[in-house]
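Coordinate analysis (summary)
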Amino acid sequence: MQDKELYQHLLGLKSPWFVSQVALDVDRQQIDVHVEHPPGTKFCCPECDAKLACYDHAPQRSWRHLDSCQFKTILHAAVPRVNCPQHGVKQADVSWAEKGSRFTILFERLAIDVLLATQTVTGAMQILRTNWDQTWNVIQRAVARGKLRKQAQPKPRIGIDEKAFAKGHNYITLLYDLDASTVEAIADGHDTESGIACLSQLSDEQIASVEAIAMDMCQAYVHAAQQTIPLAEAKIVHDRFHVMQLATKAVDQVRKGEHRQLQQADDHRLAKTKYVWLKSQENLTEKQQSQLDQAFTLQLETGKAWAYKEMLRDLWEHADASSAPTYFKDWYRRVIHTKLAPMKKVARTIKERLANVVSYCTHGITNAVAEGINSKIMAIKRRVGGYRNRENFKTAIFFHCGGLNLYP
Ligand SMILES: [Zn+2]
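Residues numbered from 1 in each chain as written. Predicted model: local features only at pLDDT ≥ 70, side-chain atom pairs only at ≥ 80, totals over all residues. Heavy atoms only, no water.

1. Re the overall build of the chain
Which entries qualify depends on this criterion: The numbering of helices and of strands both runs from the N terminus, where a helix is a DSSP run of H or I of at least 4 residues and a strand a run of E of at least 2. C-alpha atoms define the radius of gyration, and 2.2 Å times the number of residues to the power 0.38 defines the globule rule. With a 1.4 Å probe rolled over the protein chains alone, any residue whose accessible area is under 20% of its type maximum counts as buried; one over 50% counts as exposed, and the rest are partly exposed. Whether two residues are in contact is decided by their heavy atoms: any pair within 4.5 Å suffices. Residues scored as charged are limited to Lys and Arg (positive) and Asp and Glu (negative), so that His and the chain ends carry no count. Charge placement uses NZ in Lys and CZ in Arg. For Asp and Glu, CG and CD serve respectively.
Each helix and strand in the chain was counted, giving 17 helices and 13 strands. What you see for the chain is a C-alpha radius of gyration of 30 Å, clearly larger than the 22 Å of a compact globule of 408 residues, by over 25%. For the chain, the spread of C-alpha atoms along the principal axes amounts to about 95 × 50 × 35 Å. Within the chain, buried positions represent 48% of all 408 residues. Counted over contacts in the chain with a minimum sequence separation of 6, partners at least 24 positions apart contribute 59%. Positive and negative side-chain charges of the chain, numbering 53 and 45 respectively, have mean locations separated by a distance of 3 Å.

Right under this line is the structure:
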């Protein structure tokens with residue numbers, strides 16, 4: 001009798017439901033709690049809330065509840081059905097679980113907390129003693145619940161970026177809220193259509209509220225923004241880290257070419273220097289700095305390319321959008337007169353998109369926030385050991401990075 005009252009409290013059961021039986025199964029390490037309602041109790045139609053007599057009961061079913069002293073605790077009940085004149089025979093809602101869930105609300109809340117803390121499905125499965133499908137079901141339901149609740153807030157600063165989903169050329173496009181550091185939308189692929197598919201998930205009001213959008217310099221997302229956001233040209237900001245990445249790649253290409261040439265003359269000065277040229281000056285070790293100094297003294301092409309890359313970095317130090325283009329034009333003039341073909345190519349690319357590179361001075365946004373999310377996604381993916389399919393991967397991103405209210 002006493003444990004019935006205890007479980008009544010532990011389950012938070014409200015009238016008319018009461019605990020009719022508690023059975024302890026030591027062999028199976030399980031506690032079975034049976035709940036019932038008094039005869040003659042009326043229940044509500046889940047569609048219209050009309051209070052109706054109990055028509056019959058659905059077959060007995062069970063819900064996993066929070067463990068009691070490490071014993072799996074299972075709640076059992078036959079859920080009543082009502083015969084609504086308007087909606088027909090319907091199963092009544094129960095207070096301890098959401099419709100369709102195999103878990104009580106309290107267990108589901110715990111499962112969400114464990115999943116957020118472990119960031120891995122397998123880790124959570126061990127703690128919760130659930131299987132893969134059950135655990136995934138918690139994630140899917142949480143994301144669906146969160147998305148349904150999400151209010152359409154204004155999105156003044158957004159970012160759009162691609163992310164490799166698996167090895168090979170399997171990409172998804174992500175749309176970020178740069179202020180909230182959240183993923184707002186995901187679409188398959190990384191072309192113009194993908195960009196449009198992402199941006200179209202924002203409401204008309206949200207699209208109108210966009211003041212700036214960060215992206216790399218690829219045409220796909222430029223076109224997507226132009227076709228979706230009014231006056232996009234004034235709002236696009238090419239991510240400064242992406243631009244610098246292009247310049248860094250150009251330095252590496254110069255190094256490779258030059259290294260090959262030098263080696264033919266049995267000159268190995270550029271051997272094992274790849275990472276020297278990828279860094280910025282303040283991050284170099286003493287040894288790397290001396291390698292760099294040597295390359296300059298010897299007037300290597302790689303050294304020149306590196307210097308131009310570092311000069312380009314100062315472009316973003318120009319506080320206003322009028323002095324930055326002047327700085328760039330000077331840089332461009334110098335680069336274009338060199339023999340550094342890969343760097344010249346980068347210079348031309350930037351020149352073509354200059355307005356949207358220096359618009360950083362006005363809007364001050366980058367996808368660096370998104371980079372934080374990206375590393376989070378990578379970490380989740382690594383620990384889980386890959387997702388079984390693309391849809392699961394997207395769901396996991398929303399679960400961990402969607403800024404959603406996940407709880408039942
Ligand atoms: Zn009804």
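2. Concerning the environment of His223
For His223, the location among the structural elements is in helix H7 (residues 219-228). In sequence terms His223 and Glu193 are 30 residues apart; their C-alpha atoms lie 9.1 Å from each other.

3. Overview of the coordination of the zinc ion
Quick note on the threshold: Note that water is not among the atoms used; donors are N, O and S atoms within 2.8 Å of the metal (3.2 Å for Na, K and Ca), so sites may look incomplete. Any site counts as irregular unless it has four donors with all angles between 85 and 135 degrees, making it tetrahedral, or four or six donors with opposite ones more than 155 degrees apart and the rest between 65 and 115, making it square planar or octahedral.
Cys45 (SG), Cys48 (SG), Cys84 (SG) and His87 (ND1) make up the full set of protein donors to the zinc ion, lying at 2.2 to 2.3 Å. Of note is the zinc ion, whose four donor atoms meet at the metal with angles of 103 to 117° in an arrangement that counts as tetrahedral. Counting residues between consecutive donors of the zinc ion along the chain gives the motif C-x2-C-x35-C-x2-H. Its relative accessible area of 0% is what places Cys45 among the buried residues. Residue class for Cys48 comes out partly exposed when judged on its relative accessible area of 30%.

4. So, the pattern of salt bridges
Spelled out, the test is: The term salt bridge refers to a pairing of a side-chain nitrogen on Lys or Arg with a carboxyl oxygen on Asp or Glu at a separation within 4 Å.
Across all of its chains, the model carries 25 salt bridges by this definition. Of the charged contacts, one joins Asp93 and Lys99 as a salt bridge, the two residues approaching to 3.4 Å between their closest N and O atoms. Under the relative-accessibility criterion, Asp93 is labelled partly exposed at 48%. Between Arg145 and Glu108 there is a salt bridge, with its nearest N and O atoms 3.0 Å apart. Highlighted residues: Arg145 in helix H4 (residues 132-149) and Glu108 in helix H2 (residues 105-118), separated in sequence by 37 residues.

5. Here's the deal with the packing of H2 against H4
We count it as follows: Only the contacting stretch of a helix is used when fitting its axis, a line to C-alpha atoms as for every element, and angles between N-to-C directions run 0 to 180 degrees. An angle below 35 degrees is treated as roughly parallel, one above 145 as roughly antiparallel, one from 65 to 115 as roughly perpendicular, and anything else as oblique. Asp, Glu, Lys and Arg are counted as charged, while Ala, Val, Leu, Ile, Met, Phe, Trp, Tyr, Cys and Pro are counted as nonpolar; the rest, among them Gly, fall into the polar class.
Here H2 crosses H4 at 95°, and the two axes come no closer than 10 Å. It follows that H2 is roughly perpendicular to H4 by the angle criterion. Between H2, through Glu108, Ala111, Ile112 and Leu115, and H4, the contact on the second element is made entirely by Thr135, Val138, Ile139, Arg141, Ala142 and Arg145. Per-class residue counts for the contact of H2 with H4 are six nonpolar, one polar and three charged.

6. Observations regarding the sheet that holds strand E4 (residues 51-57)
Where we set the bar: In short, DSSP must find at least two bridges between two strands for them to pair.
Pairing within the open sheet is antiparallel, and its four strands lie in the order E3-E4-E7-E8. Looking at which strands have only one partner, the edges of the open sheet turn out to be strand E3 (42-44) and strand E8 (88-91). Looking at each pair of strands side by side, their axes are set apart by 55° on average, direction ignored. Both strand E7 (residues 80-84) and E8 contribute to a ladder of four bridges, which runs antiparallel. Within E8, the position partnered with Cys84 by the bridge is Gly88.

7. As for the packing of helix H11 (residues 301-313) against helix H12 (residues 323-336)
Put simply, H11 and H12 touch, their axes get as near as 10 Å, and they point 170° apart. Judged by the angle between their axes, H11 and H12 are roughly antiparallel. Seen from H11, the contacting residues are Tyr308, Met311 and Leu312; seen from H12, they are Tyr327, Trp331, Arg334 and Val335. Its residues placed into classes, the contact of H11 with H12 shows six nonpolar, no polar and one charged.

8. Re helix H17 (residues 390-401)
To be explicit about the condition: Expected helix span is taken as 1.5 Å per residue step, with the number of steps being one fewer than the number of residues.
For H17, spanning twelve residues, the distance from its first C-alpha to its last is 16 Å, which sits close to the expected 16 Å at 1.5 Å a residue. The buried count for H17 comes to ten of twelve residues, which makes it a mostly enclosed element. When H17 is considered as a whole, its buried residues turn out to be Asn392, Phe393, Lys394, Thr395, Ala396, Ile397, Phe398, Phe399, His400 and Cys401. The first or second residue beyond H17 is Gly403, which carries a positive phi of 60°.

9. Observations regarding the domain arrangement of the chain
Quick note on the threshold: Either an automatic procedure or a domain database provided the assignment from which the domain bounds are taken. Put simply, buried area is how much 1.4 Å-probe accessible surface two parts lose in total, over both of them, once they are put together. By the criterion applied in these results, polar contacts are pairs of N or O atoms within 3.5 Å in which, for protein atoms, one can donate a hydrogen and the other can accept it, and in which residues neighboring in sequence qualify only through two side-chain atoms.
The domain boundaries assigned to the chain delineate domain 1 (2-146), domain 2 (157-239 + 389-401) and domain 3 (243-363). Placing the centre of domain 2 and that of domain 3 at their C-alpha centroids yields a distance of 29 Å. At the interface, twelve residues of domain 2 touch ten residues of domain 3. Summing both partners gives a buried area of about 940 Å² for domain 2 against domain 3, and 54% of it is carried by carbon and sulfur. Three residues, Met217, Val237 and His238, lead the burial of domain 2 against domain 3; their summed loss comes to 55% of the area buried on that side. Our count for the domain 2 to domain 3 interface comes out at one salt bridge. In this structure, the salt-bridge partner of Glu233 is Arg353, at a minimum N-O distance of 4.0 Å. Summed over the shared surface of domain 2 and domain 3, the number is seven residue pairs in polar contact (both at pLDDT 80 or more).

10. Quick word on the nonpolar core
Rules: Among buried residues, the Ala, Val, Leu, Ile, Met, Phe, Trp, Tyr and Cys ones that are joined through side-chain atoms within 4.5 Å form a nonpolar core.
Ranked by internal contacts, the top residues of the largest apolar core, which has 72 residues, are Val183, Leu312, Met343, Ile350 and Ile397. At seven residues, the largest contribution of residues to this core is made by helix H8 (residues 240-264). When neighbours within four sequence positions are excluded, Ile350 is seen to be in contact with Met217, Val243, Leu312, Phe328 and Val357. Of all hydrophobic cores here, the second largest spans 22 residues; its members include Val35, Phe43, Leu52 and Leu75.

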